Amino acid sequence: MASSTIESSLGTLNKDSFVSLLSKLIGESKFVQNNPPELIPQEDRIVNHVLDSLRPYSTESGGGPLVINHVAYHSGRGNLIVEYPGSVPGKIVSFVGMHMDVVTANPDEWEFDPFSLSIDGDKLRGRGTTDCLGHVALVTELMKRLGETKPVLKQSVVAVFIASEENSSIPGVGVDMLVKDKLLDKLKSGPLFWIDTADKQPCIGTGGMIPWKLHVTGKLFHSGLAHKAINAMELGMEALKEIQSRFYRDFPPHEQEKVYGFATPSTMKPTQWSYPGGGINQIPGDCTVSGDVRLTPFYDVKEVMKKLQEYVDDINTNIEKLATRGPVSKYVLPEENLRGRLTLSFDEASAGVACNLDSRGFHVLCKATEEVVGHVKPYSITGTLPLIRDLKDEGFDVQTSGYGLMATYHAKNEYCLLTDMCQGFDVFVKIISQLEQD
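Since the model is a prediction, treat every value here as computed from it, not as a measurement.

Conventions adopted
- Residues numbered from 1 in each chain as written.
- Predicted model: local features only at pLDDT ≥ 70, side-chain atom pairs only at ≥ 80, totals over all residues.
- Heavy atoms only, no water.
- UniProt positions renumbered as here; feature names shortened; annotations may be inferred.
- Helix = DSSP H or I, 4+ residues; strand = E, 2+ residues; numbered from the N terminus.
- Salt bridge = Lys/Arg side-chain N within 4 Å of Asp/Glu carboxyl O.
- Buried < 20%, exposed > 50% of the residue type's maximum accessible area, 1.4 Å probe, protein only.
- Axes fitted to C-alpha atoms, helices over the stretch in contact; angles between N-to-C directions.
- Parallel < 35°, antiparallel > 145°, perpendicular 65-115°, else oblique.
- Left-handed = near helix turned anticlockwise from the far one by under 90°.
- Contact = heavy atoms within 4.5 Å.
- Nonpolar A, V, L, I, M, F, W, Y, C, P; charged D, E, K, R; others polar.
- Pairing = 2+ DSSP bridges.

**Digging into the UniProt feature "domain: Peptidase M20 dimerisation" (unreviewed entry) in the chain**
Piece 1. The positions UniProt marks with the feature "domain: Peptidase M20 dimerisation" (unreviewed entry) are residues 204–316.
Piece 2. Helix makes up 35% of residues 204–316 and strand 31%, and the two end C-alpha atoms of the span are 40 Å apart.

As structure tokens, then:
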């Protein structure tokens with residue numbers, strides 16, 4: 001089918017249908033907040049609305065060509081694979097990553113109800129409009145249109161709506177299991193577009209994340225006798241400064257970061273500080289500094305973790321050489337055979353991803369974006385999307401895009417723009433049209 005025929009057949013987004021579906025999805029957002037153990041999402045509440053839209057055009061109902069597979073590994077927490085079959089075996093394009101869970105929202109902190117859709121001009125407001133129920137509704141409308149119009153395509157078009165993207169503390173729920181069970185294997189033969197970013201431009205790079213904790217042990221004592229204490233806070237401050245200095249020496253800005261347009265290089269910084277408590281006149285004997293490393297994908301996560309541990313081991317061995325603060329500040333008390341000590345630990349780390357800039361999927365996405373949006377400017381951030389790194393490692397040609405707003409991602413008063421979602425639909429149609437010519 002000629003590209004112009006495909007585009008005229010699929011047309012543009014049905015705004016009324018899209019907003020109606022999105023209203024139903026946002027109405028469920030309270031029940032798909034993902035923050036275990038308190039809040040465990042029930043993604044099937046979203047699945048049911050998607051099925052209501054697509055089932056009339058499915059082989060299941062006899063009303064159309066869509067092949068629907070509802071796959072659940074935990075009760076009430078399903079994934080949905082929807083396929084519009086093409087005529088040529090092995091020729092395929094997929095839209096994946098539209099997740100049916102959301103981050104939490106406190107209604108007391110919002111200017112409007114986060115759990116019901118409200119409309120303010122072009123703004124569609126509510127939790128999940130940008131991330132990612134807006135994309136669930138958008139891709140549902142794409143598959144519905146394929147089922148309605150039944151264009152003759154060489155390629156199959158597959159949509160994969162997933163559970164459990166926002167929090168991985170309950171394993172074995174979402175796309176990781178679909179990959180493990182080989183339910184997505186056939187998607188490897190064509191471009192896979194992960195639809196869960198923002199701002200209508202290709203996101204071509206993401207960061208890895210290494211959450212760390214640095215526990216500092218000193219000696220608690222009265223603040224009027226500072227010479228008898230090892231101040232855990234001072235030790236933590238100076239040690240962290242030294243660790244950061246070594247990190248930035250060993251992992252400086254990488255030349256590929258400019259190619260991919262990363263907003264920042266790799267960073268290592270504290271984000272939390274805690275101590276057991278005590279009086280203002282007590283020098284603390286313990287404290288814990290926590291933070292993360294955000295790592296561009298051109299460095300190896302395991303190598304960074306190894307280096308951080310080496311830094312800590314060296315500081316512990318040579319703690320007398322660490323800078324102090326004032327004439328009686330010290331980290332060793334020889335007369336008591338006491339030495340300050342650092343203990344480093346890590347939570348689960350994840351690697352970043354650099355998309356393949358030579359792939360057909362990337363070129364098609366860029367051309368479609370330029371034609372619809374008017375310009376194309378791929379970008380990269382050190383935010384994490386660990387699931388797409390896993391897919392890339394499994395051999396999928398992963399490209400990423402999204403049509404919400406980065407400024408409202410995970411934010412209070414979340415919203416997306418209807419005009420942006422309309423452009424997203426147009427981009428999808430042009431992707432299908434271009435690939436059909438291969």
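**Remarks on the pattern of salt bridges**
Piece 1. Counted according to the given criterion, the structure contains 23 salt bridges.
Piece 2. Between R45 and E28 there is a salt bridge; the shortest N-O distance is 2.7 Å. Separated by 17 residues along the polypeptide, R45 in helix α3 (residues 44–54) and E28 in the loop between α2 (15–26) and α3 bring together distant segments of the chain.
Piece 3. Salt-bridge contacts for R246 lead to D314; the nearest nitrogen and oxygen are separated by 2.9 Å. Linking R246 in helix α6 (residues 232–250) with D314 in helix α8 (residues 301–317), this pair joins segments that are 68 residues apart in sequence.
Piece 4. Of the residues examined, R246 reaches a relative accessible area of 15% and is grouped as buried.
Piece 5. Assessed through its relative accessible area of 32%, D314 is described here as partly exposed.

**A look at the packing of helix α9 (residues 360–373) against helix α11 (residues 418–436)**
Piece 1. Two elements in contact, α9 and α11, have axes separated by 9 Å at closest approach and are oriented at 130°. Relative to α11, the element α9 lies oblique. Crossing of α9 against α11: the hand is right-handed. On α11, the residues touching R360, V364, L365, K367, A368, T369, E371, V372 and V373 of α9 are Q423, D426, V427, K430, I431, Q434 and L435.
Piece 2. Looking at the contact of α9 with α11, its residues break down into eight nonpolar, three polar and five charged.

**Thoughts on the pairing of strand β8 (residues 203–206)**
Piece 1. Here β8 pairs with strand β18 (residues 379–380) via two bridges, running parallel. What sits directly across from G205, in β18, is S380.
Piece 2. The pairing of β8 with strand β17 (residues 353–354) spans two bridges and is classified as antiparallel. In the strand pairing of β17, T206 is matched with V353.

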